[in-house]
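Residue-level structure breakdown
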Number of protein chains: 2
Amino acid sequence: MKSSTGRRAATKQKLYEAAVTLIAEQGFSATTVDEIAERAGVAKGTVYYNFASKSVLFEELLRHGVGLLTASLREAAEQTARSGGSRVDALDAMIRAGLVFIHRYPAFTQLYVAELWRTNRAWQETLMVVRQEAVAVVEGVLRDGVEAGEFSDEIDVSLTAAALVGMVLVAALDWLAFQPERSLDDVHGALSLLLQGRVTGRR
Amino acid sequence: MKSSTGRRAATKQKLYEAAVTLIAEQGFSATTVDEIAERAGVAKGTVYYNFASKSVLFEELLRHGVGLLTASLREAAEQTARSGGSRVDALDAMIRAGLVFIHRYPAFTQLYVAELWRTNRAWQETLMVVRQEAVAVVEGVLRDGVEAGEFSDEIDVSLTAAALVGMVLVAALDWLAFQPERSLDDVHGALSLLLQGRVTGRR
DNA sequence: GTTTTTGCACTGACCAGTCAGTGCAAAAAG
DNA sequence: CTTTTTGCACTGACTGGTCAGTGCAAAAAC
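All values reported here derive from a predicted model rather than from experimental measurement.

1. Topic: the overall build of chain A
Across its full length, chain A holds nine helices and zero strands. Helices and strands appear in chain A in the N-to-C order α-α-α-α-α-α-α-α-α. The C-alpha extent of chain A, read off along each of the three principal axes, is 60 × 35 × 35 Å. Looking at the 203 residues of chain A, the share that counts as buried comes to 54%.

2. Observations regarding the protein's contact with DNA strand C
In the vicinity of DNA strand C lie 17 residues, with T11, T46 and Y49 of chain A together with V33 and K44 of chain B positioned nearest. Within 4 Å of the protein, the contacting atoms of DNA strand C are 71% sugar and phosphate, with bases supplying the remainder. A distance of 3.1 Å is found between a phosphate oxygen of DNA strand C and a backbone nitrogen or oxygen belonging to A43 of chain A. Note that a phosphate oxygen of DNA strand C is positioned 2.9 Å from one of the backbone N or O atoms of V33 of chain B.

3. Quick word on the relation of the copies chain B and chain A
Once chain B has been moved 0.1 Å along the axis and rotated by 180°, it coincides with chain A to within an RMSD of 0.2 Å. Within this description, the copies of the chain are treated as partners about a two-fold rotation axis. Identified as the residue of chain B closest to the rotation axis by C-alpha distance is G197 of chain B, at 1.6 Å. Residue by residue, 100% of the interface of chain B is reproduced at the interface of chain A, so both copies engage with the same surface.

4. Brief notes about the UniProt feature "domain: HTH tetR-type" (unreviewed entry) in chain A
As recorded in UniProt, the sites labelled "domain: HTH tetR-type" (unreviewed entry) are residues 9-69 of chain A. The span residues 9-69 of chain A carries 80% helix and 0% strand; its end-to-end C-alpha distance comes to 20 Å.

5. Points about the pattern of salt bridges
Applying the stated criterion across every chain yields a total of 22 salt bridges over all chains. The salt bridge partner of E59 of chain B is R63 of chain B, with a shortest N-O separation of 3.8 Å. Residue E59 of chain B and its partner R63 of chain B are located together in helix α4 (residues 54-82), separated by four residues, close to a single helical turn. One connected set of salt bridges, linked through shared partners, spans R87, D144 and E150 of chain A.

6. Remarks on the UniProt feature "DNA-binding region" (unreviewed entry) in chain A
Annotation from UniProt places "DNA-binding region" (unreviewed entry) at residues 32-51 of chain A. The annotated region residues 32-51 of chain A carries 75% helix and 0% strand content, and the separation between its end C-alpha atoms amounts to 14 Å.

7. Quick word on the interface of chain B and chain A
Counting residues at the interface gives 55 residues for chain B and 55 residues for chain A. Summed over both partners, the interface of chain B with chain A buries about 5,300 Å², with 61% contributed by carbon and sulfur atoms. On the surface where chain B and chain A come into contact, there are four salt bridges. One salt bridge connects D174 of chain B with R131 of chain A, and the closest N-O pair in it is separated by 2.3 Å. Put simply, chain B and chain A have eight residue pairs in polar contact (both at pLDDT 80 or more) between them. Counting only elements with at least two residues in the side of chain B that touches chain A, the list comes to α1 (7-26), α6 (106-116), α7 (124-147), α8 (157-178) and α9 (184-195) of chain B. If one sorts the elements of the side of chain B that touches chain A by residue count, α8 of chain B sits on top with 14 residues. Here the residues of the side of chain B that touches chain A sort into 27 nonpolar, 15 polar and 13 charged.

8. Focus: the packing of aromatic side chains
Pairs of aromatic rings are described using the distance from one ring centre to the other and the angle between the two planes. By the definition in use, this model includes 14 aromatic pairs over all chains. Where F28 of chain B meets F58 of chain B, the ring centres are 5.3 Å apart and the plane angle is 45°; that geometry is what we call tilted. Here the residue F28 of chain B occupies a position in the loop between α1 and α2 (33-40), and F58 of chain B occupies one in helix α4, the gap between them amounting to 30 residues. For F58 of chain B, a relative accessible area of 1% puts it in the buried group. Grouped by ring-pair contacts, the aromatic residues F101, Y105, F108 and Y112 of chain A constitute a single cluster. Just above the ring of F178 of chain A sits the side chain of R131 of chain B; from NZ or CZ to the centre is 4.0 Å.

9. Brief notes about the protein's contact with DNA strand D
Surrounding DNA strand D, one finds 17 residues, the nearest of these being K44 and Y48 of chain A together with T11, A43 and T46 of chain B. What you see for DNA strand D is that sugar and phosphate hold 76% of its atoms within 4 Å of the protein. When contributions to the surface near DNA strand D are tallied by element, the ones reaching two or more residues are α3 (44-50) of chain A together with α1 and α3 (44-50) of chain B. Class assignment of the residues belonging to the surface near DNA strand D gives a composition of five nonpolar, seven polar and five charged.

10. Digging into the domain arrangement of chain A
Frequently, the measure chosen for interface size is the accessible area removed from exposure when the parts meet. All names here are of chain A. Domain boundaries in chain A define domain 1 (1-51) and domain 2 (54-195). Here the C-alpha centre of domain 2 lies 26 Å away from the C-alpha centre of domain 1. Between domain 1 and domain 2, the contact holds 15 residues from the first and 14 residues from the second. Of the roughly 1,400 Å² buried where domain 1 meets domain 2, counting both sides, 76% is carbon and sulfur surface. Taken together, the connections running from domain 1 to domain 2 amount to one salt bridge. Residue K12 pairs with E60 through a salt bridge whose shortest N-O separation is 3.5 Å. Between domain 1 and domain 2 we count three residue pairs in polar contact (both at pLDDT 80 or more) in total. Listing elements by their share of the side of domain 1 that touches domain 2, those giving two or more residues are α1 (7-26) and α2 (33-40). When residues of the side of domain 1 that touches domain 2 are assigned to their parent elements, the largest contribution, eight residues, is made by α1. Per-class residue counts for the side of domain 1 that touches domain 2 are 10 nonpolar, four polar and one charged.

The rules behind each value
- Counting restarts for each chain: residues are numbered from 1 in the order of the written sequence.
- Whichever chain is written first becomes A and whichever ligand is written first becomes 1, with later ones labelled in order.
- With the structure being a predicted model, the display of local features is reserved for residues of pLDDT at least 70 and the display and counting of side-chain atom pairs for 80 or more, all residues being used for whole-chain, interface and lining totals.
- By convention in this description, side-chain values take in all heavy atoms of the structure and omit both hydrogens and water.
- Counting from the N terminus, the helices are the DSSP runs of H or I reaching at least four residues and the strands are the DSSP runs of E reaching at least two.
- With a 1.4 Å probe rolled over the protein chains alone, any residue whose accessible area is under 20% of its type maximum counts as buried; one over 50% counts as exposed, and the rest are partly exposed.
- One heavy atom within 4 Å of a molecule or strand makes the whole residue count as near it.
- The term polar contact refers here to a pair of N or O atoms within 3.5 Å; inside protein, the definition further demands a hydrogen-donor-capable atom paired with an acceptor-capable atom, and it admits residues adjacent in sequence only when both atoms are side-chain atoms.
- Superposing the copies works by least squares over the C-alpha atoms of residues that have pLDDT at least 70 in both of them.
- By definition, residues are in contact when any of their heavy atoms lie within 4.5 Å.
- UniProt positions are given in the numbering used here, feature names are shortened, and annotations may be inferred rather than shown by experiment.
- Just to be clear on terms, a salt bridge is a Lys or Arg side-chain nitrogen sitting within 4 Å of an Asp or Glu carboxyl oxygen.
- Values labelled buried area give the accessible surface lost by two parts on being combined, using a 1.4 Å probe and summing over both.
- Note on residue classes: Ala, Val, Leu, Ile, Met, Phe, Trp, Tyr, Cys and Pro are nonpolar, Asp, Glu, Lys and Arg are charged, and everything else, Gly too, is polar.
- Here a pair means two rings of Phe, Tyr or Trp (six-membered ring of Trp) with centres within 6.5 Å. Their orientation is stacked below 30 degrees between planes, edge-to-face above 60, and tilted elsewhere.
- Counted as over-ring charges are cases with an Arg CZ or a Lys NZ within 6 Å of the ring centre that also lie within 35 degrees of the ring normal.
- These domain limits were set by an automatic method or by a database of domain assignments.

Structure follows, in structure tokens:
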């Protein structure tokens, strides 16, 4: 991919970074192209030289970000499998990978959550595709685990996957927004406990 | 309270209903006051007769909605306690109450999630207050459970509460958006299993 | 010499908020 | 009774401003 090194790619990257924080803070419609250009330190014309429109910039940003996330989740699952960990270990590693990602790209996460369940929007389609990619990684591990007899076969794979994703997402955003002094390990520990059912009494 | 029956209150209610779906679909900034007025079957001036500004309308809408939610969660917890259920039962009842609420007011939930972690916005303060009220109900049950020795004392009350809320929120929104054919009991069942740690193997 | 970026003036659609005025029912004045 | 006044709820045309997107010539980078 030559595009990842050229001058143009560097400009796009600057625009992504400027757009992601502004849109996370204010929302898509409330963020102006002039603001994005200014924060990226670029002329407005450059925005339109690189992207067909404001929406297209946003869609490409979404794809870009979710690409990073799924790669990181997959990596965590594979890494665990390679080093002989169980499926629970794999889920646990994915939870951590999720937390690390959100910690690193909080603005992207905010914006993603804010847009995910919106209907009637131009990028609805993009979001669906991209969501499916991410949730599919979790579903994959759950399904394998059920097949291998490691997880209860009573579980509903897709609902459980959604619930797990939600658990991590909301806990992480809450952590960053309201208790930023906590460590990543604290948060990871709390979620691990919950995942393993050690909240409701048994040891 | 006379205000809950008069002509004016009826108009406000119509405006809330119009605003909630439009803002859930499009976001706050992308929704125009003209649209809200039109959907409510009212002139634009009426919106400004009843609310000082678009933001104020939105803030009052938030307070209104979260009030309903917390009442419903508290009710579920108390009902369980009264009929001699355990804390796990109370959590489970609250999960169900949450699902029922989201099923009934999906638009409100979408809009709440979309705005909750935004910074730099006029209603930031309102959201904080209102969030605290809702999460506090869950935290209360967790704290009581730990004190009573029913939950592990290793748990981190506030992080666990956030994670539980997230689990319900995301699972429910996913249910409504992507698998609406599932029943409430299906979703509740999946979340119960997860809460009780019966996903990762033990019976 | 080709690609990319800049700077800047311009347009036209769109939109939050305003304001003078309407309709109406109940109270006050005659 | 009947006329006039008052206050409330609502109306919709209008205004001042904002913003996505355009056009283009000149400079900079490669």
